Structure formats: structure tokens, C-alpha cells
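What the coordinates show
Chain residues, written in single-letter form:
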Amino acid sequence: MPRVAYSFPEEVLEHVFSFIECDRDRGSISLVCKSWYEIERWCRRRVFVGNCYAVSPATVVKRFPKVRSMAIKGKPHFADFNLVPEGWGAYVFPWIKAMAVAYPWLQEIRLKRMVVTDDCLELIAKSFKNFAVLVLTSCEGFTTDGLAAIAANCRNLRELELRESEVEDICGHWLSHFPDSYTSLVSLNISCLGNEVNLSALERLVSRCTNLKTLRLNRAVPLDKLANLLRGAPQLVELGTGTYTAEMRPEVLANLAEAFSGCKQLKSLSGFWDVLPSYLPAVYPVCSNLTSLNLSYATIQSSDLIKLVSQCESLRRLWVLDYIEDAGLEVIAASCKDLRELRVFPSDPFGLEANVALTEQGLVSVSEGCTKLQSVLYFCRQMSNAALNTIARNRPNMTRFRLCIIEPRAPDYLTHQPLDAGFGAIVEHCKDLRRLSLSGHLTDRVFEYIGTYGKKLEMLSVAFAGETDLGLHHVLSGCDNLRKLEIRDCPFGDKALLANAAKLETMRSLWMSSCLVSYGACKLLGLKLPRLNVEVIDERGPPDSRPDSTPVEKLYIYRTVSGPRLDMPCYVWRMEDDSALRIS
Amino acid sequence: MSEIDMAIIKPEMMKPYIWLETSDGSIQQVEQEIAMYCPLICQEIIQKGMGSSKNCAICLPQRVSPAMLSLILDYCRFHQVPGRSNKERKSYDEKFIRIDTKRLCELTSAADSLQLKPLVDLTSRALARIIEGKSPEEIREIFHLPDDLTEVSGACENSEEKLEPLKNATDDPRIRLLNRLYAKKRRELKERERLKNVEAEEEHADERSVDDLLSFINGNGEDPKGIKTSKNKKKNRRKKEQHQKSTSLKEASEVNKKEINGQNIRHQSAEVDRIAETSNSHAEDLFAQKEFDDGDIDDGIDPALKEKIDREVADFARRLNSDWPERMQEFLSSGQEKKTMLFTPNGNSFLRRNACMCYPSVLNDFTYPLYACKLNFHPF
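Residues numbered from 1 in each chain as written. Chains lettered and ligands numbered in written order. Predicted model: local features only at pLDDT ≥ 70, side-chain atom pairs only at ≥ 80, totals over all residues. Heavy atoms only, no water.

Side note on the overall build of chain A
What chain A contains, in helices and strands, is 20 helices and 23 strands. Relative to a compact globule of 584 residues, whose C-alpha radius of gyration would be 25 Å, chain A shows 26 Å and is just as compact. Along the first, second and third principal axes, the C-alpha set of chain A runs to 80 × 65 × 65 Å. When burial is assessed residue by residue, chain A has 62% of its 584 residues classed as buried. A separation of at least 24 residues holds for 70% of the contacts in chain A among residues at least 6 apart in sequence. (Helix = DSSP H or I, 4+ residues; strand = E, 2+ residues; numbered from the N terminus. Rg over C-alpha atoms; globule rule 2.2 N^0.38 Å. Buried < 20%, exposed > 50% of the residue type's maximum accessible area, 1.4 Å probe, protein only. Contact = heavy atoms within 4.5 Å.)

Encoded structure:
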């Protein structure tokens with residue numbers, strides 16, 4: 001039967017595509033046929049590059065000529081734990097340079113774990129006339145001078161967010177560089193800045209930007225200034241306070257409470273450095289509307305925390321220190337029925353003994369009471385297979401599960417068995433699980449479960465687990481949707497890696513540090529798979545100076561279409577592919 | 001009576017009509033009020049004065065067939081009534097687009113040519129929903145599109161996409177050879193693991209009586225337990241054979257290793273492969289997971305290159321077969337030496353580096369508790 005294509009004029013197809021935003025779908029569209037590829041690339045407005053070295057800036061701008069929004073990620077996730085040495089890479093300058101030429105109408109840049117210099121910020125400020133959104137998450141390399149350039153030149157700036165970035169704080173007056181005529185700010189996040197900003201400039205900025213919805217202050221903003229800022233922006237939806245302590249004065253409390261009451265749209269609260277509990281009642285008026293609450297800096301006791309969260313019946317996201325304790329989590333299980341995401345951080349991660357009454361029971365309670373819970377990050381000191389089993393059965397809708405039992409290789413504290421069965425239950429029952437972090441005493445068996453059941457798993461983090469290569473083999477051969485795998489201090493060596501070499505081309509990246517992968521195996525991988533960059537990070541000096549069987553310190557493998565990167569520091573070696581062997 | 005008189009007496013009989021001609025040449029009369037909902041038609045009537053009679057019927061664009069016109073007019077007829085609520089309209093729209101994809105495409109095209117934006121949006125969104133979540137093959141199938149993308153260029157910079165490279169990887173003859181070997185070794189690995197478990201199971205003695213066994217052998221397999229146990233027994237026996245085979249394989253490889261100095265490596269690894277091949281043919285049914293194609297593939301590579309690849313593959317096979325426990329021991333003992341060096345005054349980084357090298361020791365590792373996420377706390 002002859003196939004007649006359903007033909008459309010291009011504009012119609014473009015219009016259909018304009019309703020398709022998800023990157024995966026855009027990718028699928030572009031792989032359908034030549035004409036769709038062409039149409040799609042001309043109307044693609046948003047590009048996400050998950051690994052800045054997977055493709056070159058030149059390739060991206062050539063393929064997508066009309067992009068308005070770029071998002072790029074740089075360093076591997078384990079850089080957050082100081083496992084990636086200084087100067088590793090992820091420089092955004094080449095990208096900014098290419099985009100400055102190709103995308104004069106660029107509006108949005110979102111970067112994560114990249115090195116951004118003041119030069120980059122200055123180039124952004126002068127190249128993009130419609131520039132509106134700058135979000136820098138876990139970035140570094142720039143100073144407040146760069147921010148001043150953005151403030152001074154970007155007339156249409158709507159969002160400026162510095163999330164957990166390392167900024168050299170030279171001068172708090174950068175904020176004054178926003179001209180008096182500038183009023184389009186919608187979102188400002190300066191929570192990571194160390195020093196004071198010019199408060200009067202901030203107050204004026206906040207009150208003249210009537211569309212301001214998000215304001216995340218830094219710790220240096222004193223509590224007694226908060227009421228004024230709130231009065232200047234009663235339309236705020238998201239607020240991050242500065243330091244939340246001051247000399248206790250009833251009139252300050254009353255003033256603050258009144259200011260909070262005026263913010264009828266407030267849905268998200270964060271900040272809360274150095275909380276003085278007697279000032280907490282100021283936020284009670286807004287609690288019932290809150291959907292997001294970040295108390296991860298609030299070093300207050302369980303009773304105060306409970307008083308606060310028990311009023312937050314609309315809460316969807318809660319980040320809190322383990323001061324909440326099992327008792328607090330039980331209250332949450334009873335009061336916050338809409339909870340989707342819970343993160344419990346350790347107040348004393350390096351202490352040898354538990355300083356709070358937080359155990360696995362807290363998580364079990366929440367998993368029972370909060371039926372919509374799907375994302376968990378939980379630090380605790382003890383766990384049992386039984387608890388994990390209960391959690392898994394309670395919450396089959398779990399999509400992200402990250403458990404960190406503080407003591408490495410801690411077994412089930414009741415049975416002294418490995419926690420294989422517990423995590424096995426998680427992957428078996430939570431069929432939509434996309435992200436998993438393991439901890440505790442784990443054998444190869446847990447990886448067998450993960451390989452068997454973790455069919456939708458996209459990201460897996462492993463530390464101090466497993467016994468033999470079989471563990472790694474189960475994961476690489478079983479997890480069909482695996483994109484990112486990061487492993488540290490596990491006895492995985494060459495066999496599993498080499499046996500599953502082809503799998504690596506289907507993933508974004510693999511990180512292995514303090515494992516047992518030999519230099520020889522790395523060379524072999526680099527040789528056989530030219531579409532991968534196999535990078536050995538070794539601060540002991542050139543790997544060639546040691547026998548091939550020596551395990552490398554760290555290994556970072558990622559797929560790429562842009563060939564070797566040219567900005568590697570002296571302690572990174574790329575395993576070459578032998579072009580002579582290639583059959584063209 | 002004149003026409004005007006008729007209009008006064010029975011105004012509802014005088015609804016103005018206009019004439020439209022569709023792509024197939026047929027002409028029809030349509031209520032003007034409804035047709036005017038389409039901007040293109042509206043334009044033709046008002047600006048060009050067309051459509052008032054059969055002779056000056058408005059020629060609709062080529063993409064508007066009679067069937068599509070009918071659908072579009074239904075849409076217009078519903079929506080041009082002013083009194084309807086948003087809920088009603090939405091409900092109508094949802095039902096309206098429940099048509100097969102082919103007609104949906106035609107409808108989108110037709111609506112676009114008539115510049116009827118609300119309908120274009122409605123149908124486009126519906127098409128977008130059809131496309132979402134589908135693979136390129138599925139989309140091609142639905143829209144009857146040719147599979148003419150031969151280059152992979154640029155299709156892979158978005159690391160979220162399922163890439164062609166995987167296909168290319170298995171097309172590369174070197175990779176295919178390697179993959180076949182890996183697949184065999186994987187099966188071996190898995191087999192050994194299984195056997196470890198099986199041996200543990202076999203601890204439980206078969207408690208059936210001699211009579212039971214005899215009756216089973218004689219074909220009176222009524223006792224399900226009996227059958228099951230005996231089946232397991234059969235499986236176990238097969239596994240045992242394979243275990244013996246694979247141990248002999250292991251022994252053979254050890255023997256090979258000892259003889260290897262200066263010998264023809266390729267020849268011996270071929271031996272190893274042949275043994276592996278026979279033992280693994282039984283393993284096929286025990287392992288449900290997908291394997292790479294193990295059949296003979298005409299790789300079409302030149303013999304000299306093939307030999308070079310074979311040598312590398314053999315080399316690689318040796319490495320895979322090398323004794324794991326020995327290497328582990330070696331590694332651990334080198335770790336022991338380094339442990340004693342820990343307390344030199346070389347600073348934190350040396351300490352930490354070597355702590356990582358001494359794999360079992362984590363006491364000096366300051367980043368483990370942070371492993372699950374970044375903690376931005378001021379120390380207190």
C-alpha cells in the first residue's frame with residue numbers, strides 16, 4: 001500500500017511544534033525525517049545542553065539559528081563534594097562568545113556548575129538587547145563587578161538568580177547600578193552573597209519594581225529591615241529572609257507580623273538564618289498558604305519547628321534540619337497532606353553520635369501519612385530493611401529517593417544484614433523511580449535488584465557499596481534508561497566496564513572515583529569508543545609513569561560529538577582513540 | 001410579491017446565503033453568518049464582493065475539500081452563537097477533535113488556509129498531543145513520513161535524546177566482535193554467580209522416598225511436588241555439568257596462561273572460545289536477558305585488520321579471565337603499605353588521597369557524609 005505523507009505547509013507544522021516544549025519530544029521530532037528536522041531546527045527556541053563538553057558551541061548555533069533560551073550544565077555532580085579539583089573546566093566563555101554573534105535576540109541563560117567570569121557577564125550585558133533571565137546555579141568565577149555590568153545594561157532584565165554560587169563580593173553597591181528608570185524585575189535571588197548589599201538601593205529597587213514576585217535576600221540583610229521591604233512588595237510570592245534574629249522587641253515583632261499579613265500571595269519562604277524562635281510567630285499569618293518552606297538553615301528545636309509546620313497545611317515542599325526529629329515528622333505526616341518533596345538535612349554530619357532523635361521512623365511516618373510524597377532526600381544514622389520495605393510499599397509513586405545513612409556501610413541496625421533487600425523493595429515497588437542514591441552496607445545483590453527493576457532509573461549515585469564487578473555489570477546491563485551514574489569508593493574494576501562499553505554511549509556520563517578501574521582499561525575504552533571522551537583525573541602525575549594495571553584515581557566518561565576538549569588542566573588525561581584503526 | 005415584501009412578512013426565510021466552491025469544483029450554498037466566521041471568506045465577501053451568486057462563488061483554497069468544509073462549518077455554526085459559556089465551548093472542542101489523525105491533519109491544513117485561528121490552534125494542539133511521548137519511528141508511522149534521515153550529524157548534541165550512536169556502535173565490526181566476546185564473558189560471570197546460589201540451594205537434601213522416585217521415572221508424575229523437585233534436580237544436574245565445564249574452562253585458561261610465554265596467543269584463545277561456546281549454548285534458556293547477536297556475522301573487514309583485531313580481542317579476553325582474587329590481594333597489600341605512611345606531616349590532601357587508596361578505610365574521608373547532597377552550612 002503506497003504511503004502518502006500527510007503533508008502540511010511548513011508554517012502549520014511549525015505551529016504544531018510550537019506546542020511541543022519538552023526536549024525529549026523536540027529530539028524525537030527532529031529524528032522523524034529530513035523535512036521535519038529542518039523545520040524543527042529553525043523553530044527551536046529553547047536548547048538544553050546537559051554536558052557542556054558533549055557538543056561544541058559552534059555546532060549548536062549552526063544547527064539552531066533562532067534560539068532564545070539556553071541552559072547549560074558543566075561539572076559533574078560530584079564536584080559538589082569537592083571531588084573535582086580546581087581548574088577542571090566547564091568554562092562558559094566560549095559559549096557566550098558564540099552566542100553573542102549568533103543569537104542577538106537571546107533572552108535567557110541558565111547555567112549550572114560552570115565557571116562564569118566577569119568578562120562573560122560583561123559580554124552578556126552588551127550583546128543581548130532583550131536579555132531577560134540569568135540563572136546561575138552552583139557557579140563560580142565572577143564578582144559583584146560582573147553583576148554591576150548586568151544591572152547597568154540589561155534594560156529588560158526580569159530574573160537575576162544566583163543560587164548557591166560562589167561570588168567574590170567586592171562591593172555591595174552593584175545593586176545601585178540598576179537605573180532609576182528600571183522597573184521590570186520579577187525575580188531577584190542574592191541569597192549566596194556574603195557581604196552586605198546597599199540596603200537603601202535594595203529598598204528603592206524593590207518598591208519600584210511592582211512585578212517583583214521572588215525576592216531571596218542574603219544573610220546580611222538584618223531582620224528589622226525586612227518589614228519595610230515586605231511593605232514595598234506586598235505582591236511577593238516567594239520570599240527568602242535574611243538573618244532572622246534581632247534583639248527581642250515586641251514592636252519589631254508586631255511590625256513584622258503586620259508586614260507578613262500584607263503579603264497575601266506569599267507561597268514560598270526560605271532564608272531563616274540564625275532564627276530566634278520568638279520571632280517565628282510573625283510568619284504564622286502566611287503559613288496556611290505556603291506550598292514551599294525551606295528551613296535548612298533554621299537551627300531551632302523540634303518544638304518550635306512543629307509549631308510552625310503544623311500550620312502549613314498546603315505545604316508541598318519542605319526542607320528542614322534533622323532537628324525536626326521523628327516527632328516532628330509525625331506531625332507533618334498528619335498535617336501536610338499535600339506534601340510532595342521532603343528533604344531532611346543533618347545538623348551535625350561529622351559527629352560520631354546522634355545529637356537528635358531522628359531515625360528511620362520519621363521517614364516511615366511521612367511515607368504513610370503523605371500520599372503524594374514522591375521526592376525524598378533523607379539523612380539519618382540508622383535504617384532497616386523493614387523500614388525501607390514499608391516505605392516502598394506505602395509510596396509506589398516515589399520518583400526520587402536519596403538516602404544517606406551517615407555512617408558508611410552501616411548495616412540494617414536490627415538484623416545486621418546488608419540493606420540490599422530494603423533498597424530492592426524500593427526499586428521493585430516504585431516503578432517510576434528516576435533518581436536513586438544508595439548508602440549503608442550493600443552487596444552485589446542490591447545492584448541485581450536495581451538492574452532488574454530500575455527500568456526507569458535515570459540517575460544513580462553509589463558510595464562504599466558492592467563487592468565485585470558483577471554489581472556494576474547488573475546496573476549497566478539492566479537499567480535501560482540510565483543517563484548518569486556516579487560511583488565512589490566501590491570495588492568495581494575493568495570487567496563490567498569493558499563488557500558494557502557500548503552502554504556508555506547511551507548515557508550522558510559516568511563518574512568513578514576511588515574504584516579499581518585500571519589505566520589499561522581506560523586506554524582500551526578510549527581506543528574502542530571514539531564517541532566517548534574518557535578522561536582520567538589523576539593528581540599523582542602522568543598515568544603512563546605507572547603500570548597499566550594501576551587503578552586510576554578518578555575517571556569521568558561522557559559521550560560527545562565534539563571530540564576532545566582543549567581546555568583540560570594538567571591533571572586530566574584524555575584517552576586517545578586511534579584514528580589509524582578507524583574504518584571510514 | 002417582491003422579495004422585499006417577503007422579507008417583511010417572513011424575515012427568517014430570508015437568511016442570506018453565499019456560494020462557496022471547494023477544491024473538487026463543486027459549489028454549495030452556505031449561511032452567510034456562519035461562513036463569515038472564517039476570516040478568509042469574510043474578506044472575500046466584504047472586500048471583493050464575491051459569493052453572492054453561483055457565478056461568483058468564492059473559490060476556497062485547494063486544501064479545503066468538501067468534507068473539511070463541512071466540518072469547519074459545523075465548528076463555525078457552534079461557535080458563532082454568542083450565548084455559549086466557555087465550558088460549553090471547551091466541551092464541544094474536545095469532542096470535535098476526536099477524529100482520526102489523517103482527518104485531523106487535513107482539518108488543520110484547511111483551517112489554516114481559511115485563517116480560522118481558533119480552529120488552527122485547537123487542531124495543532126491536538127496534533128502536538130499525538131506527537132508527544134512518541135518515538136521517531138512511531139511518529140513516522142502515524143504521519144506516513146519517509147525514513148530519509150541518513151546522517152546523524154547534529155542529532156545528538158542534546159544528551160537527552162536517544163541517539164543513533166548506539167546503532168553505529170554495534171555496526172562497527174570491531175565493536176561487534178568485542179561485544180560477542182563480552183556477551184559470552186557476561187554469561188559466564190552470571191553463570192558462576194548462579195551456581196554459587198544453586199550450590200547453596202542444593203544443601204537441602206531430596207527427601208522423597210525411593211518409591212516416589214521410581215514412580216516418577218516410570219511416568220506416574222501425579223505428585224506435583226515430585227515433578228517439581230525432579231525438574232529442579234534435572235536443572236541442577238545440567239548446571240553441575242556446566243559448572244564442571246566452566247571450571248575446566250577456567251583450568252584450561254590457567255593452563256593456557258602458563259604456556260603463553262612466547263606462544264601463539266590467538267590459537268589458544270580460540271580454544272578457550274570454543275569451549276565457552278559449547279558450555280554457553282545450554283546457558284541460553286536459563287538467562288532471560290537480551291544478548292547481542294552471537295551468530296556468525298560476515299564482518300567484511302580486510303583480513304590483516306581482522307587479525308590485528310583478533311589479537312587485541314584475545315589480549316582482552318585474557319585480561320577478563322585473569323584471576324580476580326589474586327589481583328585484589330595484590331591491590332590490598334599495596335594499600336597496607338601506604339597505610340603506614342598515613343601519619344607523615346604532609347598535610348590533609350596526602351592523607352585524604354591515601355585514605356581513598358586504602359579502599360576499606362573511610363575514617364579520614366571528610367566528604368562522605370556530604371555524599372548525598374551539598375550542604376551549605378556555616379560550621380557551628
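Moving on from the model shown.
Observations concerning the sheet that holds strand β3 (residues 58-59) of chain B
Residues and elements named next belong to chain B. In spatial order, the strands read β2-β1-β3; together these three strands make up an open sheet with mixed pairing. Looking at strand neighbours, the two that pair on one side only are β2 (27-31) and β3, the edges of this open sheet. Alignment of strand β1 (residues 17-21) against β2, held across five bridges, turns out to be antiparallel. Bridge pairing in β2 links leucine 20 to glutamine 28. (Pairing = 2+ DSSP bridges.)

Concerning the packing of aromatic side chains
Considering all chains together, one arrives at 18 aromatic pairs over all chains under this definition. Their ring planes at 65 degrees and their centres at 5.6 Å tell us that A:Phe78 and A:Phe81 sit as a pair that is edge-to-face. Residue classification places A:Phe78 among the buried positions, given a relative accessible area of 1%. Residue class for A:Phe81 comes out buried when judged on its relative accessible area of 1%. Positioned over the ring face of A:Trp88 is A:Arg565, at 4.4 Å from the centre of the ring. Above the face of the B:Phe78 ring, B:Arg84 is positioned so that its terminal group lies 3.8 Å from the ring centre. (Phe/Tyr/Trp six-rings, centres within 6.5 Å; stacked < 30°, edge-to-face > 60°. Lys NZ or Arg CZ within 6 Å of the ring centre and 35° of its normal.)

Digging into the pattern of salt bridges
All names here are of chain A. For the coordinates displayed, the defined rule picks out 38 salt bridges over all chains. For glutamate 38, the salt bridge is made with arginine 41, and the minimal N-O distance between the two is 3.7 Å. Of the two residues, glutamate 38 and arginine 41 are both situated in helix α3 (residues 34-43); the distance of three residues between them amounts to about one turn of the helix. Taking relative accessible area as the criterion, arginine 41 reaches 14% and is therefore assigned buried. One salt bridge connects arginine 63 with glutamate 40, and the closest N-O pair in it is separated by 4.0 Å. Of this pair, arginine 63 sits in helix α4 (residues 57-63) while glutamate 40 sits in helix α3; the two residues are 23 residues apart in sequence, bridging distant segments of the chain. Like arginine 63, the residue glutamate 40 is buried in the burial classification. Several salt bridges converge on common partners, so that one network encompasses Arg26, Glu40, Arg44 and Arg63. (Salt bridge = Lys/Arg side-chain N within 4 Å of Asp/Glu carboxyl O.)

Some thoughts on the UniProt feature "domain: F-box" (unreviewed entry) in chain A
Feature annotation in UniProt assigns "domain: F-box" (unreviewed entry) to the following positions: residues 8-49 of chain A. The span residues 8-49 of chain A carries 62% helix and 10% strand; its end-to-end C-alpha distance comes to 30 Å. (UniProt positions renumbered as here; feature names shortened; annotations may be inferred.)

Notes on unusual backbone geometry
Residues and elements named next belong to chain A. Positive phi outside glycine occurs at aspartate 274, with the angle close to 50 degrees. Along the chain, aspartate 274 falls in the loop between β11 (268-270) and α11 (284-287). Given the relative accessible area of 27%, aspartate 274 is considered partly exposed. One non-glycine residue, aspartate 489, lies in positive phi territory at about 50 degrees. Relative to the helices and strands, aspartate 489 resides in the loop between β19 (484-488) and α19 (494-499).

Remarks on the nonpolar core
Side chains that are nonpolar tend, in soluble globular proteins, to be buried together. Counting 196 residues, the largest nonpolar core has A:Tyr244, A:Phe260, A:Leu293, A:Phe401 and A:Ile450 as its most contacted members. In contact with A:Phe260, not counting residues within four places along its chain, are A:Leu226, A:Leu230, A:Leu239, A:Tyr244, A:Leu266, A:Leu269, A:Ala282, A:Val283 and A:Val286. (Core = buried A, V, L, I, M, F, W, Y, C linked by side-chain atoms within 4.5 Å.)

Observations regarding the pairing of strand β2 (residues 69-73) of chain A
Residues and elements named next belong to chain A. Within β2, four of the five residues are buried, which leaves the element mostly enclosed by the surrounding structure. By the bridge criterion, four bridges tie strand β1 (residues 46-49) to β2 in an arrangement that is parallel. Counterpart to valine 47 in the pairing with β2 is methionine 70. Crossover connection from β1 via α4 to parallel β2: handedness right-handed. Pairing between β2 and strand β3 (residues 108-112): five bridges, direction parallel. From the neighbouring strand, serine 69 faces β3, where its bridge partner is glutamate 108. For the crossover that starts at β2, traverses helix α5 (residues 93-102) and ends in the parallel β3, the hand is right-handed. (Right-handed = clockwise from strand over helix to strand, strands pointing away.)

With respect to the side chain of A:Ser28
Looking at the element boundaries, A:Ser28 is found in helix α2 (residues 23-30). Of the residues examined, A:Ser28 reaches a relative accessible area of 11% and is grouped as buried.

Here's the deal with the packing of α5(A) against helix α6 (residues 118-127) of chain A
All names here are of chain A. One can describe the packing of α5 onto α6 by two numbers: an axis separation of 10 Å at closest approach and a directional angle of 15 degrees. When the axis of α5 is compared with that of α6, the two are roughly parallel. Where α5 crosses over α6, the two elements pack in a sense that is left-handed. Contacts from Phe93, Ile96, Lys97 and Ala100 of α5 reach α6 at Asp119, Cys120, Leu123, Ile124 and Ser127. Counted by class, the contact of α5 with α6 contains six nonpolar, one polar and two charged residues. (Axes fitted to C-alpha atoms, helices over the stretch in contact; angles between N-to-C directions. Parallel < 35°, antiparallel > 145°, perpendicular 65-115°, else oblique. Left-handed = near helix turned anticlockwise from the far one by under 90°. Nonpolar A, V, L, I, M, F, W, Y, C, P; charged D, E, K, R; others polar.)

With respect to the confidence of the model for chain B
Residues and elements named next belong to chain B. Averaged over every residue, the pLDDT of chain B is 61; the share at 70 or more is 36%. For chain B, the element scoring lowest by mean pLDDT is helix α16 (residues 348-357), at 33; helix α7 (residues 117-131) scores highest, at 95. Scored below 50 in pLDDT, residues 200-217 shows 12 contacts in the model against residues more than four places distant or in partner chains. (pLDDT = per-residue confidence, 0-100.)

What about the state of the cysteines?
What the rule picks out here adds up to zero disulfides over all chains. A:Cys33 forms no disulfide, and the closest cysteine sulfur to it belongs to B:Cys105, at a distance of 13 Å. (Disulfide = S-S within 2.5 Å.)

Re the packing of helix α12 (residues 302-309) of chain A against helix α13 (residues 325-335) of chain A
For any two helices packed against each other, the geometry comes down to the angle between their axes and how far apart the axes lie. All names here are of chain A. Viewed as axis vectors pointing N to C, α12 and α13 meet at an angle of 5 degrees, and their least axial separation amounts to 9 Å. The orientation of α12 with respect to α13, classified from their angle, is roughly parallel. Residues Ser302, Ile306 and Val309 of α12 form the contact with α13, whose own contacting residues are Glu325, Ala327, Gly328, Val331 and Ile332. Partitioning the contact of α12 with α13 into residue classes produces five nonpolar, two polar and one charged.

Quick look at the environment of A:Leu293
Residue and element names in this part refer to chain A. Along the polypeptide, leucine 293 turns up in strand β12 (residues 292-295). A C-alpha to C-alpha distance of 8.7 Å links leucine 293 and valine 309, two positions 16 residues apart in sequence. Beyond its immediate sequence surroundings of up to four residues, leucine 293 is in contact with Leu269, Phe272, Leu308, Val309, Cys312, Leu315, Arg317, Leu318 and Trp319.

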